Amino acid sequence: MASKIDFVLVTGATGFIGAHVIDTLLARGRRVRGATRSLAKGEEMIRSRPQYSQKLEFVQIQDFENPGGLTEAVNGVDAVIHVASPFKLNTSDNEKELIIPAINGVRAMLEAASNAPSVQRVVITSSFAAVIDTNRKGPQGFTYTAADWNPLTYEEAADPKSTPVVAYRGSKKYAELAAWGFVKEKKPHFDIVTLCPPMVFGPIAHPIDSLDHLNESNAALWDIAKGVDPLPVGRVPFWIDARDLAIAHVEAALRKEAGGKRYTPAAPERWSYALAAKYMVSHFPELCDEVKLEEQVIDDSFSLDGETAAREFGYRCRRFEETIRDFTAQCLARKGRT
Ligand SMILES: NC(=O)c1ccc[n+]([C@@H]2O[C@H](COP(=O)([O-])OP(=O)(O)OC[C@H]3O[C@@H](n4cnc5c(N)ncnc54)[C@H](OP(=O)(O)O)[C@@H]3O)[C@@H](O)[C@H]2O)c1
């Protein structure tokens with residue numbers, strides 16, 4: 001059953017996933033307000049979507065180290081899709097750059113929404129990083145679902161000796177826990193939905209000034225096209241195309257019955273960087289001298305339930321080959337090679 005959600009605030013609007021969420025909302029006839037730290041990027045997004053100039057607006061917010069601007073951002077919207085959170089692995093202070101802003105961002109957003117009577121639903125982009133237990137030893141065939149949480153303690157995640165990957169897993173777990181804790185304690189007038197996708201790839205819809213500034217997950221793919229040797233090794237064998245994940249976000253905002261639930265949207269197919277390299281060369285033979293082809297074993301000892309989200313939200317996931325083809329074509333065109 002569809003609820004009456006006409007005007008939606010999207011945070012992380014000028015980032016990789018947020019821009020796809022915006023495009024999906026606009027295609028579905030919704031009015032969208034994007035929140036960004038850079039209004040110049042927001043204006044660029046409006047300029048590149050002239051057909052939606054009456055439906056798309058941007059508001060500036062502050063960095064979540066000291067959140068600000070969210071009260072204005074939520075004013076009058078029916079729903080919030082909170083995508084923004086730091087996702088970068090070249091950090092010098094993990095707790096300050098990853099964990100604290102992730103938690104502050106969620107708390108400040110929910111606080112602001114609590115004071116906005118129009119808000120009916122808040123969707124939060126969490127991550128499979130908040131779900132996976134990387135030390136799990138079985139049982140063989142174990143399937144992760146939305147009921148699972150990674151066992152990291154805050155102290156482990158924030159330990160300066162921990163890697164940025166571990167800190168990122170902590171940032172997503174403790175930000176999401178802060179959201180569920182907020183709802184339990186404060187009982188706001190809206191409900192929440194959280195989405196925990198694994199690796200997200202696909203063509204980009206947000207403004208970047210060069211291919212050197214791709215988001216973290218796509219940057220590793222572009223490194224392959226540029227000839228990185230050896231290929232990186234994927235941390236999880238699960239993924240989803242950003243365009244499919246955007247549908248999951250929008251359905252999570254529109255469908256009343258999704259309220260209060262946690263989902264793990266994921267494609268049924270597994271992936272590896274070796275598979276990405278193979279598809280790059282098969283679709284763009286001119287890359288054959290650059291791209292390193294090698295074999296990588298894809299872990300099939302455990303699974304992830306991407307089916308529940310696809311069924312309840314009514315979408316079918318793209319194939320990895322299509323995602324790699326579309327992403328690579330876009331990058332090569334931008335680089336002036338196709
Ligand atoms: N890409 C993946 O593989 C993947 C997988 C699972 C979950 N996720 C989650 O998806 C969300 C979006 O990630 P993405 O891949 O789209 O990355 P992205 O392109 O780097 O986008 C991140 C967005 O968050 C905003 N942001 C980051 N740090 C912030 C801070 N300290 N204060 C305020 N805003 C901040 C950025 O705002 P500006 O535009 O203003 O710079 C940007 O729009 C994140 O929550 C991430 O954890 C991503």
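Residues numbered from 1 in each chain as written. Predicted model: local features only at pLDDT ≥ 70, side-chain atom pairs only at ≥ 80, totals over all residues. Heavy atoms only, no water.

1. Some remarks on the overall build of the protein
Check the secondary structure of the protein and you find 11 helices and 11 strands. Its C-alpha atoms give the protein a radius of gyration of 19 Å, near enough to 20 Å, the size a compact globule of 338 residues would have. Buried positions account for 55% of the 338 residues belonging to the protein. Residue pairs in contact within the protein that sit at least 24 positions apart in sequence constitute 78% of those at least 6 positions apart. Here the protein displays about 14,900 Å² of accessible surface, and carbon together with sulfur accounts for 50% of that area. (Helix = DSSP H or I, 4+ residues; strand = E, 2+ residues; numbered from the N terminus. Rg over C-alpha atoms; globule rule 2.2 N^0.38 Å. Buried < 20%, exposed > 50% of the residue type's maximum accessible area, 1.4 Å probe, protein only. Contact = heavy atoms within 4.5 Å. Areas by Shrake-Rupley, 256 points an atom, 1.4 Å probe, with all protein chains shown as cover.)

2. Quick notes on the state of the cysteines
This model, assessed by the stated rule, comprises 0 disulfides. In this model C288 remains outside any disulfide bridge; the closest cysteine sulfur is found in C331, 18 Å from its own. With a relative accessible area of 45%, C288 lands in the partly exposed category. (Disulfide = S-S within 2.5 Å.)

3. Details of the site of the ligand
Among the 27 residues in the neighbourhood of the ligand, the closest are listed as T14, I17, R37, Y168 and K172. The separation between a nitrogen atom of the ligand and a polar main-chain atom of F64 is 2.9 Å. Side-chain polar atom of S217 to a nitrogen atom of the ligand: 3.0 Å apart, as the coordinates give it. A total of 880 Å² of accessible area belongs to the ligand in isolation, and the protein chains cover 91% of it. (Near = heavy atom within 4 Å. Polar contact = N/O pair within 3.5 Å; in protein donor to acceptor, adjacent residues only side chain to side chain.)

4. Observations concerning the pairing of strand β2 (residues 31-36)
In terms of burial, β2 is largely enclosed, as 5 of its 6 residues are buried. Regarding topology, helix α1 (residues 16-27) serves as the crossover connection from strand β1 (residues 7-11) to the parallel β2, and that connection is right-handed. Bridging between β2 and strand β3 (residues 56-60) involves 5 bridges; their strand directions are parallel. Each residue of the ladder has a partner; that of V32, found in β3, is L56. Traced from β2 through helix α2 (residues 39-47) to β3, the parallel crossover comes out right-handed. (Right-handed = clockwise from strand over helix to strand, strands pointing away. Pairing = 2+ DSSP bridges.)

5. A look at helix α11 (residues 320-335)
Under the 1.5 Å per step criterion, the end-to-end length of α11 is 22 Å for 16 residues, consistent within 8% with the ideal 22 Å. Buried within α11 are the following residues: F320, T323, I324, D326, F327, T328, C331 and L332. (Expected span 1.5 Å × (residues − 1).)

6. Some points on unusual backbone geometry
With omega at 0 degrees, the peptide bond leading from D229 into P230 counts as cis. Note on placement: P230 falls in the loop between α7 (216-225) and β9 (239-241). You will see that K187, though not glycine, has its phi angle at about 45 degrees, which is positive. Considering the arrangement of structural elements, one finds K187 in the loop between α6 (164-186) and β7 (191-195). A relative accessible area of 66% places K187 in the exposed class.

7. Some words on the sheet that holds β1
The 7 strands are arranged β3-β2-β1-β4-β5-β7-β10 in an open sheet whose pairing can be described as parallel. Of all the strands in the sheet, the pair left with one neighbour each is β3 and β10 (262-263). On top of the sheet, α1 reaches β1, β2, β3 and β4 (79-82); it is set at about 170 degrees to β1, its chief contact. Taken strand by strand, α6 contacts β5 (121-125), β7 and β10, and its axis lies near 160 degrees from that of β7. (Axes fitted to C-alpha atoms, helices over the stretch in contact; angles between N-to-C directions.)

8. Focus: the packing of α7 against α11
Viewed as axis vectors pointing N to C, α7 and α11 meet at an angle of 75 degrees, and their least axial separation amounts to 11 Å. When the interaxial angle is binned, α7 and α11 end up roughly perpendicular. Taking contact as the criterion, the partners of N218, L221 and W222 in α7 are, on α11, I324, F327, C331, L332 and K335. Its residues assigned to classes, the contact of α7 with α11 comprises 6 nonpolar, 1 polar and 1 charged. (Parallel < 35°, antiparallel > 145°, perpendicular 65-115°, else oblique. Nonpolar A, V, L, I, M, F, W, Y, C, P; charged D, E, K, R; others polar.)

9. A few points about the environment of A205
If you trace the backbone, A205 turns up in the loop between β8 (199-201) and α7. Given the relative accessible area of 18%, A205 is considered buried. Along the sequence, A205 and G18 sit 187 residues apart, while their C-alpha atoms lie 8.9 Å from each other. In contact with A205, not counting residues within four places along its chain, are A19, H20, D23 and R49.

10. A word on the nonpolar core
If you look at the biggest cluster of nonpolar residues, it comprises 81 residues, and the most contacted ones within it are V10, V21, I22, I81, F313 and F320. The residues contacting F320, other than those within four sequence positions of it, are F201, W239, E269, W271, S272, L275, A276 and Y279. I99, A113, A116 and F190 belong to the second-largest nonpolar core, a separate cluster that totals 39 residues. (Core = buried A, V, L, I, M, F, W, Y, C linked by side-chain atoms within 4.5 Å.)

11. Some words on the packing of aromatic side chains
For the structure on display, the rule yields 14 aromatic pairs. Here the aromatic residues F201, W239, W271, Y273, Y279 and F320 are joined through ring pairs into a cluster of three or more. Directly above the ring of F142 sits R136, whose terminal nitrogen or CZ lies 3.6 Å from the centroid. (Phe/Tyr/Trp six-rings, centres within 6.5 Å; stacked < 30°, edge-to-face > 60°. Lys NZ or Arg CZ within 6 Å of the ring centre and 35° of its normal.)

Interpretation in functional terms is not warranted from these geometric data alone.
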